[in-house]
Amino acid sequence: MHFEDDEPDRLYFSIKELSKEFAVNASALRFWEKEFKQLKPKKNKKGDRFYTKEDIAMVRYIHYLLKEKGYTLDGARKILAVNQGKPDQTYKLIERLQKVRFFLGELRQQL
């Protein structure tokens, strides 16, 4: 599931949806929120978190740095500081290539 592709008109997503998408506990997402100042989901009066597509992009980048690249929290924070809180060009390229790979896999199954 890719939030941008499946539901382009939705503005907010729940922590449960992100937890499922990235295969991490909701507690990990809340922890990342404390550790990375760039991640600031909206909260209602009850305290429920609602993530925008920009928040999702940040979660995706943090997940990539921590889980796929194996950076420590401190290392990931430094990379985000250098990149001014935005994914670097290499990550954006990898993300686009992964989308192409997913598309080609689906196309192959249909043939």
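Provided above is the structure to which this section pertains.
Residue positions within a chain follow its written sequence, with the count starting from 1. The predicted origin of the model limits local features to residues at a pLDDT of at least 70 and limits the giving and counting of side-chain atom pairs to 80 or more, whereas totals for whole chains, interfaces and linings rest on all residues. To obtain the side-chain values, all non-hydrogen atoms of the structure were included, while hydrogens and water were left out.

**Side note on the sheet that holds strand 2 (residues 42-43)**
And step 1. A pair of strands is labelled paired if DSSP reports no fewer than 2 bridges between them. Strands here are runs of E lasting at least two residues and helices are runs of H or I lasting at least four, both read from the DSSP assignment and numbered beginning at the N terminus. Strand order in the open sheet formed by three strands is 1-3-2, and the pairing between neighbours is antiparallel. With one partner strand each, in any of the chains shown, strand 1 (13-14) and strand 2 form the two edges of the open sheet.
And step 2. Pairing geometry for strand 1 and strand 3 (residues 49-51), over two bridges, is antiparallel. By the bridge assignment for strand 3, Phe-13 is matched with Tyr-51.
And step 3. Running over the sheet, helix 4 (residues 53-68) touches strand 1, strand 2 and strand 3 and is turned about 85 degrees from strand 3. The contact criterion used is simple: two residues touch if any of their non-hydrogen atoms lie within 4.5 Å. Lines fitted to the C-alpha atoms define the axes, with helices restricted to the stretch that makes contact. Angles between their N-to-C directions range from 0 to 180 degrees.

**Considering the nonpolar core**
And step 1. Leu-18, Leu-29, Trp-32, Tyr-51, Val-59 and Ile-62 are the most contacted members of the largest nonpolar core, which has 22 residues in total.
And step 2. Breaking this core down by element, the ones donating at least two residues are helix 2 (15-22), helix 3 (26-35), helix 4 and helix 5 (73-82).
And step 3. If one sorts the elements of this core by residue count, helix 4 sits on top with eight residues.
And step 4. Those residues within four positions of Trp-32 in sequence are excluded, and the remaining contacts are Val-24, Leu-39, Val-59, Ile-62, His-63, Leu-66 and Lys-67. Only buried Ala, Val, Leu, Ile, Met, Phe, Trp, Tyr and Cys residues count toward a nonpolar core, and they belong to the same one when joined by side-chain atoms within 4.5 Å. Buried residues are those whose accessible area, probed at 1.4 Å on protein chains only, stays under 20% of the maximum for their type, while exposed residues exceed 50% and partly exposed ones sit between those limits.

**Notes on a nonpolar patch on the surface**
And step 1. Together, Val-100, Phe-103, Leu-104, Leu-107 and Leu-111 give the surface a local cluster of nonpolar side chains, amounting to about 530 Å² of exposed area.
And step 2. Within the fold, Leu-111 resides in the segment after helix 6 (89-110).
And step 3. Exposure remark for Leu-111: the relative accessible area of 85% places this residue in the exposed category. Think of a patch as exposed residues, more than 30% relative accessible area, with no salt bridge, where like charges cluster within 9 Å and nonpolar side chains (Val, Leu, Ile, Met, Phe, Trp, Tyr) cluster within 5 Å. In short, Shrake-Rupley with a 1.4 Å probe defines the accessible areas, and a residue's cover is counted only from the protein chains shown. What counts as a salt bridge is simple: a side-chain nitrogen of Lys or Arg found within 4 Å of a carboxyl oxygen of Asp or Glu.

**Brief notes about the packing of helix 2 against helix 4**
And step 1. Where helix 2 contacts helix 4, the axes come no closer than 12 Å and their chain directions differ by 35 degrees. The handedness of the crossing between helix 2 and helix 4 comes out as right-handed. On helix 4, the residues that touch Leu-18, Glu-21 and Phe-22 of helix 2 are Ile-56, Val-59, Arg-60 and His-63.
And step 2. Tallied by class, the residues present in the contact of helix 2 with helix 4 amount to four nonpolar, one polar and two charged. By convention the crossing between two helices is left-handed if the near helix lies anticlockwise of the far one by an angle smaller than a right angle, and right-handed if it lies clockwise. When residue character is reported, Ala, Val, Leu, Ile, Met, Phe, Trp, Tyr, Cys and Pro are called nonpolar, Asp, Glu, Lys and Arg charged, and the others, Gly included, polar.

**Focus on the environment of Glu-17**
And step 1. Tracing the sequence through the fold places Glu-17 in helix 2.
And step 2. When its relative accessible area of 24% is taken as the criterion, Glu-17 is described as partly exposed.
And step 3. For the pair Glu-17 and Tyr-51, spaced 34 residues apart in sequence, the C-alpha separation works out to 9.5 Å.
And step 4. At a separation of 3.0 Å, a polar atom in the side chain of Glu-17 contacts the side chain of Arg-10. Whenever two N or O atoms come within 3.5 Å, that pair is a polar contact, provided that in protein one can donate a hydrogen and the other can accept it, and provided that, for residues adjacent in sequence, both atoms are side-chain atoms.

**Section: unusual backbone geometry**
And step 1. Backbone geometry places Ala-23, a non-glycine residue, at a positive phi of 55 degrees.
And step 2. Tracing the chain through its elements places Ala-23 in the loop between helix 2 and helix 3.

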